[in-house]
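For reference, the chains in residue letters:
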Amino acid sequence: MIEGAKRLHTVEEYYFSKKLREVNMLKAAGKPIINLGIGSPDLQPPQKVITAITEGLQDANAHKYQSYQGLPELREAMAGFYREQFQVHLSPMTEILPLMGSKEGIMLISMAYLNEGDEVLIPNPGYPTYQSVTKLLGAKPVFYELDEANNWMPNIMALEKQDLSKVKLMWISYPHMPTGAQANYKVFEKLIDFAKRNNILLVNDNPYSFILTDAPRSILKVNGAKEVCIELNSLSKTFNMAGWRVGMVLGDGKHINNILKVKSNMDSGMFYGIQKGAIEALRCSKLWYLSLNSVYEQRRALVWKLAEALNCTYDKNASGLFVWAKLPPYAKAEEFIDVLLKNNHLFVAPGTIFGSQGEGYIRFSLCASTEDIQEAITRVL
Ligand SMILES: Cc1ncc(COP(=O)(O)O)c(C=O)c1O
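Analysis parameters
Residues numbered from 1 in each chain as written. Predicted model: local features only at pLDDT ≥ 70, side-chain atom pairs only at ≥ 80, totals over all residues. Heavy atoms only, no water. Helix = DSSP H or I, 4+ residues; strand = E, 2+ residues; numbered from the N terminus. Core = buried A, V, L, I, M, F, W, Y, C linked by side-chain atoms within 4.5 Å. Buried < 20%, exposed > 50% of the residue type's maximum accessible area, 1.4 Å probe, protein only. Contact = heavy atoms within 4.5 Å. Polar contact = N/O pair within 3.5 Å; in protein donor to acceptor, adjacent residues only side chain to side chain. Near = heavy atom within 4 Å. Areas by Shrake-Rupley, 256 points an atom, 1.4 Å probe, with all protein chains shown as cover. Pairing = 2+ DSSP bridges. Axes fitted to C-alpha atoms, helices over the stretch in contact; angles between N-to-C directions.

Engineer: Sorry, what's going on with unusual backbone geometry here?
Structural biologist: For residues other than glycine, phi is negative in most cases, and the peptide bonds are mostly trans. Here Y174 and P175 are connected by a cis peptide whose omega angle stands at 0°. The linkage connecting M177 with the following residue, P178, adopts the cis geometry, with an omega of 15°. By the element assignment, P178 lies in the loop between strand 5 (167-172) and helix 7 (185-198). If you check the backbone angles, L212 has positive phi at about 50° while not being a glycine. Mapping L212 onto the fold places it in the loop between strand 6 (201-205) and strand 7 (229-234).

What follows is the structure, given as structure tokens:
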């Protein structure tokens with residue numbers, strides 16, 4: 001018997017991978033399941049992006065290994081995107097590294113900075129990958145609790161009372177997944193000061209920056225941020241390109257170099273055609289963002305109705321690709337969603353998959369058509 005490595009015991013199969021097997025079995029049995037669980041954009045990327053990848057295929061250079069750092073043109077497009085959208089100025093030569101999605105970045109950053117036994121501050125609730133990658137590398141997750149009363153912002157005073165001597169890295173993700181809370185620049189400034197005082201690398205995972213936000217923000221806009229701070233961004237949600245796997249990490253050249261050292265030993269450059277498509281996406285005008293958000297606004301208005309029909313409450317100021325809804329008192333998230341799946345054939349994510357602070361909440365995805373959401377409302381009324 002050839003055994004898997006010990007590190008496999010530190011993680012479990014991803015919740016969605018397990019639950020989707022159950023959902024698929026119900027579908028195979030003929031149940032008309034509506035999936036409001038997963039944040040995988042169902043809309044199309046801009047047409048010019050599809051044209052660029054198609055034309056890219058015909059280029060004689062398309063099939064060769066590509067540079068580990070991506071085409072200079074791609075890094076320039078990423079720099080232009082940050083300059084235009086966030087007024088953040090970055091060198092395309094040294095301060096930007098294209099990635100295969102921001103998820104890849106979570107692993108690469110962790111590999112570049114964590115030694116066994118190091119501690120990592122992780123939001124609860126938060127994206128489960130921060131925790132699993134930390135454990136896979138033999139480092140220790142230290143959860144910081146977010147709650148509704150504090151608008152899901154870190155309590156820095158409480159953090160500062162803890163022993164932080166072993167903490168090397170802190171994950172934040174604003175606009176926050178799963179709650180949709182938006183951090184303002186005051187919050188970012190305080191977090192950066194906290195990171196400086198405690199010698200912690202602060203990473204803002206920012207893939208939802210353009211979905212239903214009041215104003216897109218980058219933590220790198222704060223003066224002095226680059227000393228202790230890096231940011232991840234992604235084309236997955238902003239341009240409906242989740243399956244293409246294009247993201248980026250941005251920050252000071254010394255951090256980008258450390259991450260490149262890991263990446264260049266793990267994979268080779270991104271497929272040429274995908275880079276050409278990504279360049280076109282990053283050059284989209286304001287119209288793209290307006291039209292994308294008008295679809296999500298319509299869907300969100302219906303999901304709010306669905307949440308109300310289920311006696312849930314929600315925050316109308318929240319942003320992002322999800323509606324984070326509070327269940328009626330005493331309802332348990334996983335029991336609630338199991339009943340919805342069984343009785344109404346609706347699949348919704350329980351808040352608990354994002355951490356214990358998600359108990360009492362469920363998360364609806366906006367990646368479903370208005371017809372499907374309307375049908376979901378009819379089923380629960
Ligand atoms: C908070 C957060 N970070 C990162 C990711 C991964 O995104 P990408 O497709 O860029 O790898 C997701 C995807 O759902 C996410 O919710």
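Engineer: Can you help me understand the nonpolar core in this one?
Structural biologist: Side chains of nonpolar character tend, in soluble globular proteins, to be buried together. By size, the foremost hydrophobic cluster in this structure holds 106 residues, and its most contacted members are L121, M170, F239, I362 and F364. Here this core gets 9 residues from one element, more than from any other, and that element is helix 10 (residues 286-309). For M170, the residues in contact, after removing those within four places along its chain, are L121, Y144, P154, L159, L191, F194, I200, L201, L202 and V203.

Engineer: Whenever I open this one, the side chain of S365 confuses me. Can you help?
Structural biologist: In this structure, S365 sits in strand 12 (residues 361-365). S365 gets classed as buried once you look at its relative accessible area, which sits at 0%. A polar side-chain atom of S365 sits 2.9 Å from the main-chain amide nitrogen of C367.

Engineer: Please explain the environment of M157 as it appears in this structure.
Structural biologist: Tracing the sequence through the fold places M157 in helix 6 (residues 156-160). Take M157: its relative accessible area is 65%, and that puts it in the exposed class.

Engineer: What exactly am I supposed to notice about the site of the ligand here?
Structural biologist: Taken together, 13 residues are adjacent to the ligand, and D205, Y208, S234, S236 and R245 come closest. Between the ligand and K237 there is a distance of 3.0 Å, counted from an oxygen atom to a side-chain nitrogen or oxygen. Compared with its free state, where it exposes 400 Å², the ligand has 91% of that area covered by protein.

Engineer: Looking at this structure, how should I read the sheet that holds strand 9 (residues 313-314)?
Structural biologist: Through backbone hydrogen bonds, the strands of a sheet pair up, either in parallel or in antiparallel fashion. Read across the open sheet, the 5 strands follow the order 1-11-12-10-9; overall the sheet is mixed. One side of each edge strand has no neighbouring strand; the edge strands of this open sheet are strand 1 (34-36) and strand 9. Pairing of strand 11 (residues 346-350) with strand 12 involves 2 bridges; the strand directions are antiparallel. Note on strand 12: the bridge partner recorded for P350 is I362. Contacts from helix 11 (residues 333-344) reach strand 11 and strand 12, with the element oriented near 170° to strand 11.

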